[in-house]
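# Close look at the chain arrangement
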Amino acid sequence: MRTIDSLIEQMTLEEKIGQMTLVSAGWVITGPKVSGDYMAQIRAGRIGAISNLWGPGETREVQRVAVEETRLGVPLMFAFDVIHGHRTLFPIPLAEAAAFDPALWERTARAAAEEAAADGLTLAFAPMLDVARDPRWGRIAESPGEDPWLAARFAEAKVRGFQSGDIARPENLAATAKHLAGYGAATAGRDYASVDISERSFREVYLPPFRAAVDAGVAAIMPAFHDLAGVPMTANAAVLRDLVRDRWQFDGVMVSDHGAVAELMAHGVAEDVAEAAALALDAGIDIDLMGGAYTNGLPIALERGRVTMAQIDTAVRRVLVLKARLGLLDDPYLRSDAGSALAARREAPRQLAREAARRSIVLLTNRDGVLPLAEETQRIALIGPLADARDDMQGPWAAAGRAEGMVTILEGLREAMPNSQIGHARGVEIEAEAPSDIAGALDLARSAEVVVLCLGEARRLSGEAASRARPDLPGRQAELAQAVLGLGKPVVVLLSSGRPLMVPWLFERAHAVLATWFLGSEAGNAIGDVLSGRWNPTGRLPVSWPVDIGQIPIFYAQRPTGRPPDPAVHYSSKYLDLPVEPLFPFGHGLSYARFAASGLRTSAGELRPGEAITIECDVVNEGPVAGEETLLLFVRDPIASVARPLLELKGMARIVLEPRRGGTVRFTLAAEDLAFLGPDLRPRLEPGVFELLVGRSAAHAKLLRTSVRLLAP
Ligand code: BGC
């Protein structure tokens, strides 16, 4: 293997910038393809990586050109947005976050990596780690939800899953933690809009998942599109260079978001492309993803003395080191050689997709025990535009997924309830105002014992550039739902969406509502499992579900106010026209079992820095069926040098219990878990009493509580 230094020595400026350039392949009817123009540029050494091209044959041929027909033969990297699976789709990240299950998050990333690697890919533009507290923002669908602690666990699990400790192995991918950081706080939930948050929120809420990804060894980082209080993240040297590279010691590659370097001009911080390129390089961006800013701007920036050759060499070296770590400098065809990764596959992906999907479903309401459906139910009316929506149910960022590979709700329910007659009517389209057949749907509903109403969003309504000022039921779906509910039959609603939808009337009137998000390839089977009772729901909300858009942004970790909300007190922190609480709190999710927790206790009443305590409570399954319970551990620091949130998540624990059985749930809490950023924004541990609160969700009143005293060292 040639050494990286000798390679850099031999490179012309154009070839160096080529290594710093990533372009997106085009799409033709038969699949992804690299256009002729790009092929010429690859031959000239002007491109170092390609995105949106996959397939063992396709990647192998383009790699052959890079290796055999360029002057220096440096192999390409192949990148792709493997957001929730590759060929097999898993639940969208927001849905998967509802599983509260790091082992599962890791397994699905692993399976996605295996499939993607077998398609010749080397770099995943995932995991997406943006904490999101505003359901108007379409990219909440890609995010692990509202909580920094949970998002940090998600980050570690995903990085472990994609990279498996050694990205040189053919079945592993390099992961990209994105989009650093604060993107979820886009003003008014509008994608790409400016973010203006406090330094404290930035550090306490938005950075922790990125820190966790770096600590887990993530290979790449993608800064976000937005500006943070006026400084676009793509040029934010204070964060990218001083904090992430210097303080966190991140030594991987930073890749810009799509066209984000050139967009520095539109942001109004660079007057031409050379200045944009200089700002980005200065901040530490090694690869320009589309936009051509490095290609067109860096030579001029060099001439002007705005950047140095040493800076360019540093970026090229990082890219080449990543290629070497991926094993590409030893064997450029490592992953394109079909089969190697598939042979190494550890889990059957469809089975895993079904498991992940059912663990992601959240049973939001279940009045009169309408669910699970009785086995002897004779006639079920499956109504709504999402019941048989093979394409839409893929959700945003469907990677190499194909509509034909999806199990629809109709198919899954027919499979799960073989003794029932299941009629189907769309009623209305997802978005269109017309045509519709509400009357036909009502006829079907009248003849059934129970109606399953499949409502929600089209796939294009969530994900990137899919902000919605009114995240409710699009098109004429509300009209359909009102008409069906008016019949007075038991109605079970399945909400397929990339975000919480604000439809309070629906929750009031329907017998049961489930968040079924976009659950991936096995969605229909997983839903069938839950409706039939073959799977007892375990999912919990990773976000607060608002009553109304007027409550946004909404999240449980609020700070106390001098005037706590009290409907009876006029001058208190409340709304005159809406409750302060969400419709469903963070962590909410019902089971067919009924659990009761009691006896919260700690292994010690005090602890010192460097020590840890165990926190336990007893859980009994009082219900008629076996089930799995997840309990959450929150802490509160009631008196500190800065006001701390009313609740902060610090742990989660699960227990599986047969009916009428009990067990013990255990958490560990280290003194360092009680640290926070002091008034100077430096981490500190302040001695004193900390409240420990345990329960199913962030609904404050229902939590068990005890306390522990933190002693001075
Ligand atoms: C998105 C990124 C994505 C990139 C490449 C951008 O528009 O913001 O999340 O990785 O495109 O597809």
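Cut-offs and rules
The written sequence of each chain sets the order in which its residues are numbered from 1. For this predicted model, a pLDDT threshold of at least 70 governs which residues receive local features, and a threshold of 80 or more governs which side-chain atom pairs are given and counted, while totals over whole chains, interfaces and linings are taken from all residues. Side-chain measures were taken over the full set of non-hydrogen atoms in the model, leaving aside hydrogen atoms and water. Paired rings are identified among Phe, Tyr and Trp, the last through its six-membered ring, by centres lying within 6.5 Å, and are further divided according to the angle between planes into stacked (under 30 degrees), edge-to-face (over 60) and tilted (the rest). Where helices and strands are cited, they refer to DSSP runs of H or I of at least four residues and of E of at least two residues respectively, numbered from the N terminus. Remark: exposure states derive from per-residue accessible area (1.4 Å probe, protein chains only) relative to the maximum for the residue type, with buried under 20%, exposed over 50%, and partly exposed in between. By definition, residues are in contact when any of their heavy atoms lie within 4.5 Å. Paired strands are those between which DSSP finds at least two bridges. One heavy atom suffices: a residue is near a molecule or strand as soon as one of its heavy atoms comes within 4 Å of it. Here, Shrake-Rupley sampling with a 1.4 Å probe gives the accessible areas, and only protein chains in the shown set may cover a residue. Throughout, the ten residues Ala, Val, Leu, Ile, Met, Phe, Trp, Tyr, Cys and Pro are labelled nonpolar, Asp, Glu, Lys and Arg are labelled charged, and all others, Gly among them, are labelled polar.

### Some remarks on the packing of aromatic side chains
Ring pairs (aromatic) are described by centroid distance and by the angle formed between their planes. Summed over the entire model, instances satisfying the criterion amount to twelve aromatic pairs. With a centroid separation of 5.8 Å and an interplanar angle of 85°, the aromatic rings of Phe 507 and Trp 545 are classed as edge-to-face. A residue pair is termed long-range when its members are at least 10 positions apart, and Phe 507 in helix H20 (residues 504-509) and Trp 545 in the loop between helix H21 (523-532) and strand S19 (595-602) qualify at 38 residues. Exposure class is identical for Phe 507 and Trp 545. Each is buried. For the ring pair Tyr 556 and Phe 586, a centre distance of 4.8 Å and an interplane angle of 35° mean the geometry is tilted. Of this pair, Tyr 556 sits in the loop between H21 and S19 while Phe 586 sits in the loop between H21 and S19, and the two are 30 residues apart along the sequence.

### Considering the environment of Leu 289
Here Leu 289 lies in strand S12 (residues 288-289). Judged by its relative accessible area of 4%, Leu 289 is buried. With 17 residues separating them in the primary sequence, Leu 289 and Arg 306 have C-alpha atoms 21 Å apart. Those residues within four positions of Leu 289 in sequence are excluded, and the remaining contacts are Leu 22, Ser 51, Phe 125, Met 222, Val 255, Ser 256, Asp 257, His 258 and Gly 259.

### A short note on the sheet that holds strand S22 (residues 627-636)
With mixed pairing, the five strands of this open sheet are ordered in space as S20-S28-S27-S22-S23. Each having just a single partner strand, strand S20 (606-607) and strand S23 (648-657) make up the two edges of the open sheet.

### A closer look at the site of the ligand
For the ligand, the full set of nearby residues is Asp 81, Phe 125, Arg 139, Lys 178, His 179, Met 222, Phe 225, Asp 257, His 258, Leu 289 and Glu 464. With the chains in place, 93% of the 310 Å² that the ligand exposes on its own is no longer accessible. Here the shell around the ligand is built from residues that sort into four nonpolar, two polar and five charged.

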